[in-house]
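Each chain is listed here by its residues.
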Amino acid sequence: MQETVTLTPEMMVVLGLLGFTIFLFVSEIVRVDVAAVSVMVLLGLLSMVPGLGGVADTHQLFDGFASNAVISIIAVMIIGAGLDKTGVMSRVASFIMRVGGLTERRIIPLISGTVGVISSFMQNVGAAALFLPVVSRISARTGLPMSRLLMPMGFCAILGGTMTMVGSSPLILLNDLLPQGMEHFNLFDVTPIGLALVATGIAYFVLMGRYVLPKTSGDGTMGESAVEYFRRVYGLDYTIREFRVPADHPLSGRTVGELEREHGVVVAGSMLGDDLRVGPWSGYKLDGSAQLALLGRAEQLDAFAENTGIEPKGHLDVFSDVLAHTKSGIGEIVMPPSSGLLGKTVTDLAMRKTYGLSVLAIHRGEETFREGLRDIPLQAGDTLVSHCNWDSLARLEKDRDFVVVTSEYPHEELRPQKVSYALVFFAITLSLILFTDLRLSVALLVGAVGMILTGVLNMDEAYKAVSWKTVFLLASLIPLGMAVEDTGTAAWIAQQTLALLGEVPPWVLQAAIAVLATFFTLVMSNVGATVLLVPLAVNIAIAAQGLGMDADPRIFALTVAIATSNSFLIPTHQVNALIMGPGGYRVKDYMKAGGIMTVLFLIVSLIMLNLIF
């Protein structure tokens, strides 16, 4: 007969912190990483209250920052960035287009399967971000709309994270959360489960895609030009005309910003004397005889000519070189969930001065904003349709505050000459993980450091490759997970759960844990859900064993780490938020396609877990 666990003051405090943590994550009063750090500090302060000294050991409060899991995640991000810098993703896209043909049923399995495999060795949001330009290129060349390709790609990026123990943060974290003395999972122990889930996702979209994927009002056609694409998708029908403003004209002495506000056009370039600028600053004054390149709809430019009495030139003259399609054009840039620019406006950011972007439209969900763009706060998933020179766009590809979707523009490969180094150290890392007993974090750091030493990445690029938001979130939640376990709170919750469920078979308990993990990952981070639920799952299994049930704590813990990837129903997962804008998806699109995927995930994962283990 297992000893009954009695609720203590320390447990009550930890339960209160758990509820407070979930509230902060769901309400998003503060960022999730700020919430996690705040809870960690609060945990340390509470341990100083008389009678609550057992809540946490302040000497171990920050051990999470040096944990195997955190170091492993940092190294995985650096390795993924190294593979990206060498152009490996571009070669993958070329291969897909060579063998994929032009049909949706062939393209979807190739894209989704490739992303699934790649995300098994790097963070799934990183794999999805890398493949956004790949999907854009394939869509432009095949005529298949982005909305039919991005959701299968995104879902399989999430599913692919279950194929190895380094494919997602929960699985990287799992071994560190297992009780001392319990056998750890090896790199490919979960591969059969992940393969079955990825295969299920691909089969689902191939067989059911026509019914569950959103259909755009006007699908692309083969050979569609960039101008036609932007006209169809965003309703943008822009052209560039060149004007010469005489020195005695009323516009002389006015600023570029005033001209744009009054006439509704965008100044793509200006020349005063020998000073030629592309994308000039709003405060730039048109003193003397000025040459202007104006960007806008044909009717706007006609109205400008009529209202000012300035006739446009018949063709681009002064700006023919700098505004040629080989030097500049319209691009799509997505704001990722991790961007530090969210909540700010185009004006706040001085977008043209700082980043070289003249924003023409902001696409959000089903809406495309074309007016008042300067004052719209940016949100995760927003697509900025902007005119820029290609050098500026290439620089933005290195900026983690943006994800550049446009890929069909002239820009140089980053470091293709380093691809052999990247692949060699990637292979060395895999070999160390597979064939040695070296700790995972050390094995992964061998690959990361090797790429830095051989020049695949420089140290600054390695720092930028790391999502420090994820690092602080994970490291700050580890002490709370330890408190849940050490104070006996997990054992008490397990006891209450068993009492509530009554006499049920072990698979019902396992299914209940999987459903609970699925719910938690929809309303909070999968890392947070894993840290909170693994100790609970282990204790439920131990308690079930005390009642004579055949429940394996190790498999119950793995059930949590797998089920926290079941995040398809609403766009709260970073991957879903990332693709929402470029795909033009709405919440109901996720509920329609993701609802069925959620159920399939639960069924397939539970069946495979019991078959394999």
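Residues numbered from 1 in each chain as written. Predicted model: local features only at pLDDT ≥ 70, side-chain atom pairs only at ≥ 80, totals over all residues. Heavy atoms only, no water.

Considerations on the overall build of the protein
Here is step 1 of the chain: Looking only at helices and strands, the protein has 25 helices and nine strands in total.
Here is step 2 of the chain: Burial statistics for the protein: of 613 residues in total, 56% are counted as buried.
Here is step 3 of the chain: Restricting the contact set of the protein to residue pairs at least 6 apart, pairs at least 24 apart contribute 76%.
Here is step 4 of the chain: A total accessible area of about 25,300 Å² is found for the protein, and carbon and sulfur atoms account for 60% of it. (Helix = DSSP H or I, 4+ residues; strand = E, 2+ residues; numbered from the N terminus. Buried < 20%, exposed > 50% of the residue type's maximum accessible area, 1.4 Å probe, protein only. Contact = heavy atoms within 4.5 Å. Areas by Shrake-Rupley, 256 points an atom, 1.4 Å probe, with all protein chains shown as cover.)

So, the pairing of strand E4 (residues 290-297)
Here is step 1 of the chain: The element E4 is largely enclosed, with a buried count of seven among its eight residues.
Here is step 2 of the chain: The pairing of strand E1 (residues 238-245) with E4 spans eight bridges and is classified as antiparallel. If you follow isoleucine 240 over to E4, its bridge partner there is leucine 295. (Pairing = 2+ DSSP bridges.)

Considerations on the pattern of salt bridges
Here is step 1 of the chain: With the rule as written, the count across this model stands at four salt bridges.
Here is step 2 of the chain: Here arginine 364 and aspartate 382 are joined by a salt bridge, their closest N and O atoms 2.8 Å apart. A residue pair is termed long-range when its members are at least 10 positions apart, and arginine 364 in strand E6 (residues 358-364) and aspartate 382 in the loop between strand E7 (367-369) and strand E8 (383-389) qualify at 18 residues.
Here is step 3 of the chain: Three or more residues are tied together by salt bridges with common partners; here these are Lys85, Arg415 and Glu461. (Salt bridge = Lys/Arg side-chain N within 4 Å of Asp/Glu carboxyl O.)

Thoughts on the environment of isoleucine 579
Here is step 1 of the chain: Within the fold, isoleucine 579 resides in helix H24 (residues 574-583).
Here is step 2 of the chain: Overall, isoleucine 579 belongs to the buried group, its relative accessible area being 0%.
Here is step 3 of the chain: Isoleucine 579 has contacts with Leu150, Met151, Met153, Gly154, Tyr585 and Tyr590, leaving out every residue within four places of it along the chain.

What about the sheet that holds strand E5 (residues 328-334)?
Here is step 1 of the chain: Pairing within the open sheet is antiparallel, and its five strands lie in the order E7-E6-E8-E5-E9. Both edges of this open sheet fall to E7 and strand E9 (403-404), since each of them pairs with a single strand only.
Here is step 2 of the chain: Where E6 and E7 come together, three bridges link them in antiparallel fashion. Across the sheet, the residue bridging to isoleucine 362 is phenylalanine 369, located in E7.

Thoughts on helix H5 (residues 104-119)
Here is step 1 of the chain: Between its first and last C-alpha, H5 extends 22 Å over 16 residues, near the 22 Å set by a 1.5 Å rise per residue.
Here is step 2 of the chain: If you check which residues of H5 are buried, you get Ile107, Ile108, Ile111, Ser112, Gly113, Val115, Gly116, Ile118 and Ser119. (Expected span 1.5 Å × (residues − 1).)

Concerning unusual backbone geometry
Here is step 1 of the chain: Here alanine 350, not a glycine, exhibits a phi torsion of approximately 45°, which is positive.
Here is step 2 of the chain: Mapped onto the elements of the fold, alanine 350 is located in the loop between helix H13 (346-349) and helix H14 (351-355).

Some remarks on the packing of aromatic side chains
Here is step 1 of the chain: The tally for this structure, following the rule as stated, stands at nine aromatic pairs.
Here is step 2 of the chain: Aromatic pair phenylalanine 568 and phenylalanine 601: ring centres 6.1 Å apart, planes at 50°, arrangement tilted. A residue pair is termed long-range when its members are at least 10 positions apart, and phenylalanine 568 in the loop between helix H23 (553-563) and H24 and phenylalanine 601 in helix H25 (residues 587-612) qualify at 33 residues.
Here is step 3 of the chain: The class for phenylalanine 568 is buried, based on a relative accessible area of 0%. (Phe/Tyr/Trp six-rings, centres within 6.5 Å; stacked < 30°, edge-to-face > 60°.)

Observations regarding the side chain of threonine 164
Here is step 1 of the chain: Inspection of the secondary structure assignment puts threonine 164 in the loop between helix H7 (150-160) and helix H8 (169-177).
Here is step 2 of the chain: On the accessibility criterion, threonine 164 (2% relative accessible area) is buried.
Here is step 3 of the chain: Discounting residues that sit within four places of it in the chain, threonine 164 has contacts with Ser120, Phe121, Leu171, Leu187, Phe188 and Val190.

What about the side chain of serine 386?
Here is step 1 of the chain: Mapped onto the elements of the fold, serine 386 is located in strand E8.
Here is step 2 of the chain: In contact with serine 386, other than residues within four places in its own chain, are Gly329, Ile330, Gly331, Ile333, Leu357, Ser358, Val359 and Leu360.

A closer look at the confidence of the model for the protein
Here is step 1 of the chain: Averaged over every residue, the pLDDT of the protein is 81; residues scoring 70 or more account for 84%.
Here is step 2 of the chain: This stretch, residues 217-224, has a pLDDT under 50; its non-local contacts, to residues over four places away or in other chains, come to 13 contacts. (pLDDT = per-residue confidence, 0-100.)

Re the nonpolar core
Inside soluble globular proteins, nonpolar side chains tend to come together where they are buried.
Here is step 1 of the chain: Counting residues in hydrophobic clusters, the biggest one holds 145 residues, and the most contacted among them are Ile111, Met153, Leu174 and Leu558.
Here is step 2 of the chain: At twelve residues, the largest contribution of residues to this core is made by helix H22 (residues 526-546).
Here is step 3 of the chain: The next biggest cluster of nonpolar side chains, apart from the first, holds 21 residues, and it includes Val346, Met351, Val359 and Tyr409. (Core = buried A, V, L, I, M, F, W, Y, C linked by side-chain atoms within 4.5 Å.)

Quick word on the packing of H7 against helix H9 (residues 191-212)
Here is step 1 of the chain: Two elements in contact, H7 and H9, have axes separated by 9 Å at closest approach and are oriented at 165°. The angle between H7 and H9 falls in the class roughly antiparallel. The chirality of how H7 crosses H9 is right-handed. Two secondary-structure elements touch here, H7 through Met151, Pro152, Phe155, Cys156, Leu159 and Gly160 and H9 through Leu197, Val198, Gly201, Ile202 and Phe205. (Axes fitted to C-alpha atoms, helices over the stretch in contact; angles between N-to-C directions. Parallel < 35°, antiparallel > 145°, perpendicular 65-115°, else oblique. Left-handed = near helix turned anticlockwise from the far one by under 90°.)

Regarding the packing of helix H16 (residues 419-435) against helix H17 (residues 440-453)
Here is step 1 of the chain: In the contact formed by H16 and H17, the axes pass within 9 Å of each other and the chain directions differ by 170°. In terms of axis orientation, H16 runs roughly antiparallel to H17. Across the interface between the two elements, Ala422, Phe425, Phe426, Ile428, Thr429, Leu432 and Ile433 of H16 pack against Leu440, Ala443, Leu444, Val446, Gly447, Gly450 and Met451 of H17.
Here is step 2 of the chain: In terms of residue class, the contact of H16 with H17 is made up of eleven nonpolar, three polar and no charged. (Nonpolar A, V, L, I, M, F, W, Y, C, P; charged D, E, K, R; others polar.)

Description of H8
Here is step 1 of the chain: Where burial is concerned, most of H8 is hidden: eight out of the nine residues are buried.
Here is step 2 of the chain: Residues of H8 that are buried: Ser169, Pro170, Leu171, Ile172, Leu173, Leu174, Asn175 and Leu177.

Thoughts on the environment of alanine 529
Here is step 1 of the chain: Structurally, alanine 529 can be placed in helix H22.
Here is step 2 of the chain: Taking the C-alpha atoms as reference points, alanine 529 and alanine 517, separated by twelve residues in sequence, lie 6.6 Å from one another.

Overview of the environment of serine 338
Here is step 1 of the chain: Tracing the backbone shows serine 338 in the loop between E5 and H13.
Here is step 2 of the chain: Judged by relative accessible area, which is 35%, serine 338 ranks as partly exposed.

Concerning a nonpolar patch on the surface
Here is step 1 of the chain: Residues Val599, Ile603, Ile607, Leu611, Ile612 and Phe613 make up a contiguous nonpolar surface patch of roughly 550 Å² in combined accessible area.
Here is step 2 of the chain: By relative accessible area, phenylalanine 613 is classed as partly exposed at 35%. (Patch = residues over 30% accessible without salt bridge, like charges linked within 9 Å, V, L, I, M, F, W, Y side chains within 5 Å.)

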